[in-house]
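Notes for the structure review
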There are 4 protein chains.
Amino acid sequence: MRAWLQGLIAEGPFPPRRAVFFRSALVVCIVVSTAIAILDTSEGIWGQHEELARDFSALLLLVLTADYGLRLLTAGFSPQEGETALKARLRYTLSLYGIFDFMAVVPFLVGEAFDLPRDGATIFGILRFLKLARYSPALETLGVVVLNELRPLLASLFIMLLMAIASSTLLYFAERSVNPGFKSVSDAMWWSIVTLSTLGYGDVVPTTVLGKLLGSVVAVLGLCMFALPASILASGFSEEMRRQNFVSTWHLVAKVPFFARLQANQIAEIASLLKLSRAIKGEVLMREGDTGECMYFIVSGQVEVKGKGGTFVLKNGDFFGEIALIERCPRTATVKAISRCQLLVLDARDFHKFVAHDHALLEVIWETARSRM
Amino acid sequence: MRAWLQGLIAEGPFPPRRAVFFRSALVVCIVVSTAIAILDTSEGIWGQHEELARDFSALLLLVLTADYGLRLLTAGFSPQEGETALKARLRYTLSLYGIFDFMAVVPFLVGEAFDLPRDGATIFGILRFLKLARYSPALETLGVVVLNELRPLLASLFIMLLMAIASSTLLYFAERSVNPGFKSVSDAMWWSIVTLSTLGYGDVVPTTVLGKLLGSVVAVLGLCMFALPASILASGFSEEMRRQNFVSTWHLVAKVPFFARLQANQIAEIASLLKLSRAIKGEVLMREGDTGECMYFIVSGQVEVKGKGGTFVLKNGDFFGEIALIERCPRTATVKAISRCQLLVLDARDFHKFVAHDHALLEVIWETARSRM
Amino acid sequence: MRAWLQGLIAEGPFPPRRAVFFRSALVVCIVVSTAIAILDTSEGIWGQHEELARDFSALLLLVLTADYGLRLLTAGFSPQEGETALKARLRYTLSLYGIFDFMAVVPFLVGEAFDLPRDGATIFGILRFLKLARYSPALETLGVVVLNELRPLLASLFIMLLMAIASSTLLYFAERSVNPGFKSVSDAMWWSIVTLSTLGYGDVVPTTVLGKLLGSVVAVLGLCMFALPASILASGFSEEMRRQNFVSTWHLVAKVPFFARLQANQIAEIASLLKLSRAIKGEVLMREGDTGECMYFIVSGQVEVKGKGGTFVLKNGDFFGEIALIERCPRTATVKAISRCQLLVLDARDFHKFVAHDHALLEVIWETARSRM
Amino acid sequence: MRAWLQGLIAEGPFPPRRAVFFRSALVVCIVVSTAIAILDTSEGIWGQHEELARDFSALLLLVLTADYGLRLLTAGFSPQEGETALKARLRYTLSLYGIFDFMAVVPFLVGEAFDLPRDGATIFGILRFLKLARYSPALETLGVVVLNELRPLLASLFIMLLMAIASSTLLYFAERSVNPGFKSVSDAMWWSIVTLSTLGYGDVVPTTVLGKLLGSVVAVLGLCMFALPASILASGFSEEMRRQNFVSTWHLVAKVPFFARLQANQIAEIASLLKLSRAIKGEVLMREGDTGECMYFIVSGQVEVKGKGGTFVLKNGDFFGEIALIERCPRTATVKAISRCQLLVLDARDFHKFVAHDHALLEVIWETARSRM
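Counting restarts for each chain, with residues numbered from 1 along the sequence as it is written. Ligands are numbered from 1 and chains lettered from A, in the order in which they are written. Totals for whole chains, interfaces and linings use all residues, but because this is a predicted model, local features are given only for residues with pLDDT of at least 70 and pairs of side-chain atoms are given and counted only at 80 or more. Note: side-chain values were computed over all heavy atoms of the structure, leaving out hydrogens and water.

A look at the pattern of salt bridges
- In the sections that follow, a salt bridge refers to a side-chain nitrogen of Lys or Arg positioned within 4 Å of a carboxyl oxygen of Asp or Glu. Summed over the entire model, instances satisfying the criterion amount to 36 salt bridges over all chains.
- Its salt-bridge partner being Arg-71 of chain D, residue Asp-67 of chain D comes within 3.0 Å of it at the nearest N-O pair. Taken together, the residues span about one helical turn, with Asp-67 of chain D and Arg-71 of chain D both in helix H3 (residues 50–75) at a distance of 4 residues.
- For every residue, the accessible area (1.4 Å probe, protein chains only) is compared with the maximum for its type, and the residue is labelled buried under 20%, exposed over 50%, or partly exposed between those bounds. A relative accessible area of 0% places Asp-67 of chain D in the buried class.
- Among the residues examined, Arg-71 of chain D registers a relative accessible area of 6% and is labelled buried.
- Connected through shared salt-bridge partners, Asp-67, Arg-71, Asp-101, Lys-131 and Arg-134 of chain A make up one network. Strands here are runs of E lasting at least two residues and helices are runs of H or I lasting at least four, both read from the DSSP assignment and numbered beginning at the N terminus.

In structure tokens, the structure reads:
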């Protein structure tokens, strides 16, 4: 029973089937529940079905409450070393996701009892959306990137502030006598932000010749300067994604015996070339006659190889797809996953740059390839 | 006859002349036909020439129908191993391009018979544009990129959604009492999207001081966050273009005997440095006296070299342009393509980094260069 | 006393505590003072509290004046070789930051005496913001980048001007008869700038079919061309940040004895891999059981290592965190800074690429690691 | 006389002084003349000074005509091998810049005689701006980039067209009954372009719920897709700038004897690390006591070195600034250009990566450094 409940909220690459169902149901509940909270702010949107909407909303909240209870319960099942079950549950309650889960059900628990004002219901209803953060590593990644790039980000923020202040002061002096949108520097600041971010609402627009001239310069400068933080974040984000990919690949490489013969620096090199890939049962990984652009290493799972040389099964630690890369010919066999597989994929380009360099390695691959042809 | 028809729709780097004409005619027909379908939605645009527009439109559809028939017919001419002509045709019919071709002529075939409503004619008329996808690899490339970068794209989509929800909730509370554009969170969401994507229509604009302050923050954050998916797609796209270039170059390198002496890892390296280029008959590839910035390897076709050392012809497997790179002097000869050529181009920078490294290689090039000087 | 005053405005990585307090107070004064100057342009914003605002503003100016006096005074304490104290003070007065400091207090000193017009007070009040530039290297960095990339920036400016002129001429001829926003080429120029910078205020919009067609082309071209300067600046900025990081790391590497055995080119290589990091007293740098993704070198300061092998202290020149990288296991100890530390951080990926290459180096790290396990 | 005239329009890195003056005068004339042509389209802008403006304009045209005559004349002075002076002049006339020069003075020559309509005067007046293209390599570079990246640019253009057509069709069906801006697909197309390019004029905005939903999706997709061509152009542009820098550096390296001992591949490597720099007479290149971040190689010109070891002069082929890089100490001397200099600059980072690798090279630098210390 304990194991079954824990399995229900299990995560990781290959959760049990019930976890997949439960997760999907939960995501739907969260999304629908947030959508209802958003729509609920539109006066009279439900028409005569208001009662129905409330009931449905309550049902969704019941599911979320059940999820919270479940997580609270199971948190006590696997305490860390030297921790009581109670302390483990407290740790979950105070963790970020624990707080998100708590806030998602507060209005249901408290609001019903103490008659929470409508605005509170709206806010907590919309906050439910944060529960989804558990299923997306994006927010964590973004947080890491912002911390890593804090100095350049603050630097560009300072430049942006300086530009906003300078341009609104200039435009204030150019336009204040004729344009109500530039009555004061703080009014002009709204125009500056809207212009520098290339929004251009058009609610405040310079009308004098001098104002338009200055506005043109601000528009062009803004375009250049406001690209700084965007580009810092974008490149930091893609760098962080690459780093995360390296770390996860690097730990998997150890599970493939073939790489055991590599030296530490070679392992680090190949780990940054490999890409992690997953296959579900029955997925066809390559088809006889296709052009071969990569080879595969099996981390876990089994595949079936069907070629002219007969049919055989490969499992964790084996590799396949190397013949097309060595011989530069089309695929000589069709490969199908016969269980869920974790695979490491090596591109043609990287294969040659890396493997062909090391004759001992190439020899091992050649031997395997020859035995299969 | 069969060969002639197949040649009509042939693809690849060097199709027969009739295929070039047919393809051009078809592209014009598709573009004009789509344009007519678009313009047709403007009430009374044809004036008294409506009859004429209909007739012309019918003519274009006739061409497209002919094209569909032709492709259906020829699909049966070259069935795959162990396939009947009928099965090959069925395979074409169910392929993506087969469906595009089919949809392009449906209104003509069905609409005339069963009196399709006008909206249907518009939709199918505009869908004809998809037939062009056959001639542009862009959509396929984009599809590959979106699949490759699915995880970071979804991650940034989640961040965008979170920001849209958070900012519309904030602005709703700040503006709801005075601004009809923020009557509900869902109304505010329209403002959020328009602002976060830096569109800034200006149909909904915050008017309170708090609203403007929050709006400024949202504008700046939006600028940064919405650059994420754009930059992920853009870098993925250029990476994919480079990879496709590598694969096509890598297969052509084998056709140049000069590269046969290279080891597999060297071939992989040079293949990522070479650029594929095509020349039509009569094209001048280099002119005596110009600065030399690259050398050429001929994959197929013939060129005529006219220099002080006389005139001679080079053909597939030969290379030229190496003298200017080795001697750092202007071109010593003029080279003209005397048939359609496929060439591999090596930049000066890459030439020195790669070739000069390997003395044996350099020696071969030197010998050839000396024999020509 | 002299030392105490100098310490008050000291800069660098680890200033005395009083400098941190003074700096924070000053930053608050500058920000508040600028904000008051900006708000002051809004008619009647203070209501009946105008007197209070003036008094508070005067108080802030007093602090800024005190800061200016302090800097002027201490500038004379540490004159350069062969310089009198007076000359050293003059040098400060004429330096960029000296001028900023001077301008920040001019209206207070002069305005009170000679009754400066209100506009002057506004301008100088807002200019006070420039004093903050001292605390942000961003403006200097930006200046360096603009100088480095001057040629491509001017090149793209020329292209932008050409496009603005061409598009406004075209739209002028297309729209002049019906659209008051395109009465002359110079009027059309405002539309061009607003469109090319993707601002799109909407105050001037083409209305004829030809104008909309041309406008669409201009919009798309503008999007492409106006990205040039933004991308030049953004990549130049991140390149410059990386260069600055290299220079500061490169000078710190010399303080870590471990790197003494490296050759000059290896030092240059590792310096571009290391990242500079600081820790305050009591900060936990790694926790037992976490995944290890980097190792640390101590430039200055002391850390306490608490693991299964007991508790010991490491100080400048030592390194830690190497076990998790070599063994690919979780952290085996918890490390806490027991004083302010400057650290150089080496990523797992870089560790393997660099260190594992050099067997002698790896041996040294191994020995240390073994003695700790 | 001939030489004097030729010198007047000479180009290249170090033109004679009269060429600098003539060029500056010409640039001013072109800019002013274009500005007058633009302002001239504003009704009654000159007021009663119209006569004056005409006369001034005529004067500027006279200068441009003189420039055209001068170039036509001098074009005949240095014909290519086996060319008559007349043929050389004809070649200039038909060259791109010849045509620009010709068009700049056509209205003056022809308009006065045949009474050119005012619109013609405007167009040709504004076209004068193209004469500036001679002084900016940007347009040529851009042309090269567009040609190089034609395939990906066309690919992204196709995607953009597809998105514009699809989104305008969808919005047409969603909005046509209530929104006059979506009366037909071609009307909706204007909205699509304005939205996809993130312009957002706001003249046409979806008003129905479905229209807003679709519009949001289009806005986000547009943001992503329209970044493709911008990023392709931007990266192509910076790549081309780097290539041009390599080519010009590569040819200068040969003039520095120090590099003669390098092998071809090393020369190619160092050429991509060096940066070209120019110094005018009297410019201080480094100052004693500064941090040293680069070393210099003199291609042409002379510099004066003033240090503790005395004062000496270095000229083409020599290098300086190496001590600070080897010893990681501040500059030990002040260096001033005593004539116009062309210099190649090597960064600290690149110095160590490249030079320290090759012991023979380092020895040569060391010897020189020791002899100076």
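Picking up where we left off.
Here we look at the interface of chain C and chain D
- Between two residues, a contact is recorded if the distance between any of their heavy atoms is within 4.5 Å. Chain C puts 54 residues into the contact, and the matching count from chain D is 46 residues.
- Note on terms: buried area is the combined drop in 1.4 Å-probe accessible area of two parts once they are placed together, counting the loss on both. Taking both partners together, chain C and chain D bury about 4300 Å²; carbon and sulfur atoms supply 73% of that area.
- Applying the counting criterion to the chain C and chain D interface returns 1 salt bridge.
- A salt bridge links Asp-119 of chain D to Arg-176 of chain C, with the shortest nitrogen-to-oxygen separation between them at 2.5 Å.
- Distance and chemistry together define a polar contact, namely a pair of N or O atoms within 3.5 Å, with one atom able to donate a hydrogen and the other to accept it when in protein, and with adjacent residues in sequence counting only for side-chain atoms on both sides. Counting the contacts that link chain C with chain D gives 6 residue pairs in polar contact (both at pLDDT 80 or more).
- Breaking the side of chain C that touches chain D down by element, the ones donating at least two residues are helix H8 (150–175), helix H9 (185–196), helix H10 (209–225), helix H11 (227–253) and helix H12 (264–273) of chain C.
- No other element matches H8 of chain C, which puts 11 residues into the side of chain C that touches chain D.

Remarks on the pairing of strand S8 (residues 341–347) of chain A
All names here are of chain A.
- In terms of burial, S8 is a largely internal element, 7 of the 7 residues being buried.
- Because side chains alternate across S8, one face comprises the buried residues Cys-341, Leu-343, Val-345 and Asp-347, and the other comprises Gln-342, Leu-344 and Leu-346, equally buried.
- Strand pairing is assigned whenever DSSP detects at least two bridges linking the two strands. In this sheet, S8 lies alongside strand S1 (residues 275–279) in antiparallel orientation, the contact comprising 5 bridges. The residue of S8 that forms the bridge with Ser-277 is Leu-343.

A few points about the environment of Leu-199 of chain B
- Along the chain, Leu-199 of chain B falls in the loop between helix H9 (185–196) and helix H10 (209–225).
- If we skip the residues at most four places from it in the chain, Leu-199 of chain B touches Leu-199 of chain A, Val-194 of chain B, Leu-199 of chain C together with Val-194, Thr-195, Thr-198, Leu-199, Gly-200 and Ala-219 of chain D.

Considering the relation of the copies chain C and chain D
- With an axial shift of 0.1 Å and an RMSD of 0.1 Å, the rotation relating chain C to chain D amounts to 90°. Taken together, these values place the two copies in the relation of a four-fold axis.
- The residues that chain C uses at the interface reappear at the interface of chain D in only 7% of cases, marking distinct surfaces. The least-squares superposition of copies is restricted to C-alpha atoms, and to residues with a pLDDT of at least 70 in both copies.

Concerning the domain arrangement of chain A
- As used throughout, domain bounds are those supplied by an automatic or database domain assignment. In terms of domains, chain A is made up of domain 1 (2–135), domain 2 (137–253) and domain 3 (256–372).
- Placing a centre on the C-alpha atoms of domain 1 of chain A and another on those of domain 2 of chain A gives a separation of 36 Å.

A closer look at the relation of the copies chain A and chain B
- Mapping chain A onto chain B leaves a residual RMSD of 0.1 Å; the transformation is a rotation of 90° accompanied by 0.0 Å of translation along its axis.
- When the interface residues of chain A are mapped onto chain B, a mere 9% of them again fall at the interface, so the copies present different faces.

Things to note about the sheet that holds strand S8 (residues 341–347) of chain B
Residue and element names in this part refer to chain B.
- The strand order across the open sheet built from 4 strands is S1-S8-S3-S6, with neighbouring strands paired in antiparallel fashion. Either end of the sheet is taken by a strand with one partner, and the two such strands are strand S1 (275–279) and strand S6 (319–320).
- Sitting on the sheet, helix H11 (residues 227–253) is in contact with S1, strand S3 (294–300) and S8, with an inclination near 110° to S8. Note on geometry: axes are C-alpha line fits, over the in-contact stretch for helices, and angles between N-to-C directions span 0 to 180 degrees.

A short note on the interface of chain A and chain B
- On the side of chain B, 54 residues touch chain A, which itself brings 46 residues to the contact.
- Of the roughly 4300 Å² buried between chain A and chain B, counting both surfaces, carbon and sulfur atoms make up 73%.
- At the boundary of chain A with chain B, the tally comes to 1 salt bridge.
- Run the count over chain A and chain B and you get 6 residue pairs in polar contact (both at pLDDT 80 or more).
- Taken together, the elements giving at least two residues each to the side of chain A that touches chain B come down to helix H2 (17–39), helix H6 (118–127), helix H7 (138–148), helix H9 (185–196), helix H11 (227–253) and helix H14 (348–354) of chain A.
- Sort the elements by how many residues they give to the side of chain A that touches chain B and H11 of chain A lands first, with 6 residues.
- Polar here means any residue outside two lists: the nonpolar Ala, Val, Leu, Ile, Met, Phe, Trp, Tyr, Cys and Pro, and the charged Asp, Glu, Lys and Arg; Gly therefore counts as polar. Here the side of chain A that touches chain B is built from residues that sort into 27 nonpolar, 12 polar and 7 charged.

Remarks on the nonpolar core
- Counting residues in hydrophobic clusters, the biggest one holds 252 residues, and the most contacted among them are Phe-237 of chain A, Phe-237 of chain B, Phe-237 of chain C together with Phe-237 of chain D.
- Apart from the residues lying within four places of it in its own chain, the contact partners of Phe-237 of chain A are Ala-138, Thr-141, Leu-142 and Val-145 of chain A together with Ala-155, Ile-159, Leu-228 and Ile-232 of chain B.
- Counting residues in hydrophobic clusters, the runner-up holds 120 residues, among them Val-299 of chain A, Phe-246 of chain B, Leu-362 of chain C together with Phe-297 of chain D. As used here, the term nonpolar core means buried Ala, Val, Leu, Ile, Met, Phe, Trp, Tyr and Cys residues forming a set that is joined through side-chain atoms within 4.5 Å.

Regarding H10 of chain B
Residues and elements named next belong to chain B.
- Given a rise of 1.5 Å per residue, 17 residues ought to cover 24 Å, and the 24 Å separating the end C-alpha atoms of H10 matches this to within 8%.
- All of the buried residues in H10 are Gly-211, Gly-215, Ser-216, Val-218, Ala-219, Val-220, Gly-222, Leu-223, Cys-224 and Met-225.
- N-cap assignment for H10: the residue whose side-chain oxygen lies 3.0 Å from the backbone N of Gly-211 is Thr-208. A helix is expected to reach a length of 1.5 Å times the quantity of its residues less one.

Observations regarding a nonpolar patch on the surface
- Surface patches are drawn from residues lacking salt bridges whose relative accessible area is over 30%; two like charges belong together within 9 Å, two nonpolar side chains (Val, Leu, Ile, Met, Phe, Trp, Tyr) within 5 Å. A 1.4 Å probe and the Shrake-Rupley method give the accessible areas. Residues count as covered only by the protein chains that appear here. Judged by side-chain polarity, Leu-147, Leu-150, Leu-154 and Leu-157 of chain A come together as a nonpolar surface patch covering roughly 390 Å² of accessible area.
- Per-element accounting of the nonpolar patch gives the leading share, 3 residues, to helix H8 (residues 150–175) of chain A.

A closer look at the packing of H11 of chain B against helix H11 (residues 227–253) of chain D
- In the contact formed by H11 of chain B and H11 of chain D, the axes pass within 9 Å of each other and the chain directions differ by 55°. Accordingly, the angle class assigned to the pair H11 of chain B and H11 of chain D is oblique. Handedness of the H11 of chain B/H11 of chain D crossing: right-handed. Of H11 of chain D, the residues touching H11 of chain B (which contributes Ala-230, Leu-233, Ala-234 and Phe-237 of chain B) are Ala-227, Leu-228, Ser-231 and Ile-232 of chain D.
- When grouped by side-chain class, the residues that make up the contact of H11 of chain B with H11 of chain D number 7 nonpolar, 1 polar and no charged. Orientation categories follow fixed angle ranges, with anything under 35 degrees roughly parallel, anything over 145 roughly antiparallel, 65 to 115 roughly perpendicular, and all other angles oblique. Helix crossings get a hand from a simple test, with the near helix turned counterclockwise from the far one by less than a right angle marking a left-handed crossing and a clockwise turn marking a right-handed one.

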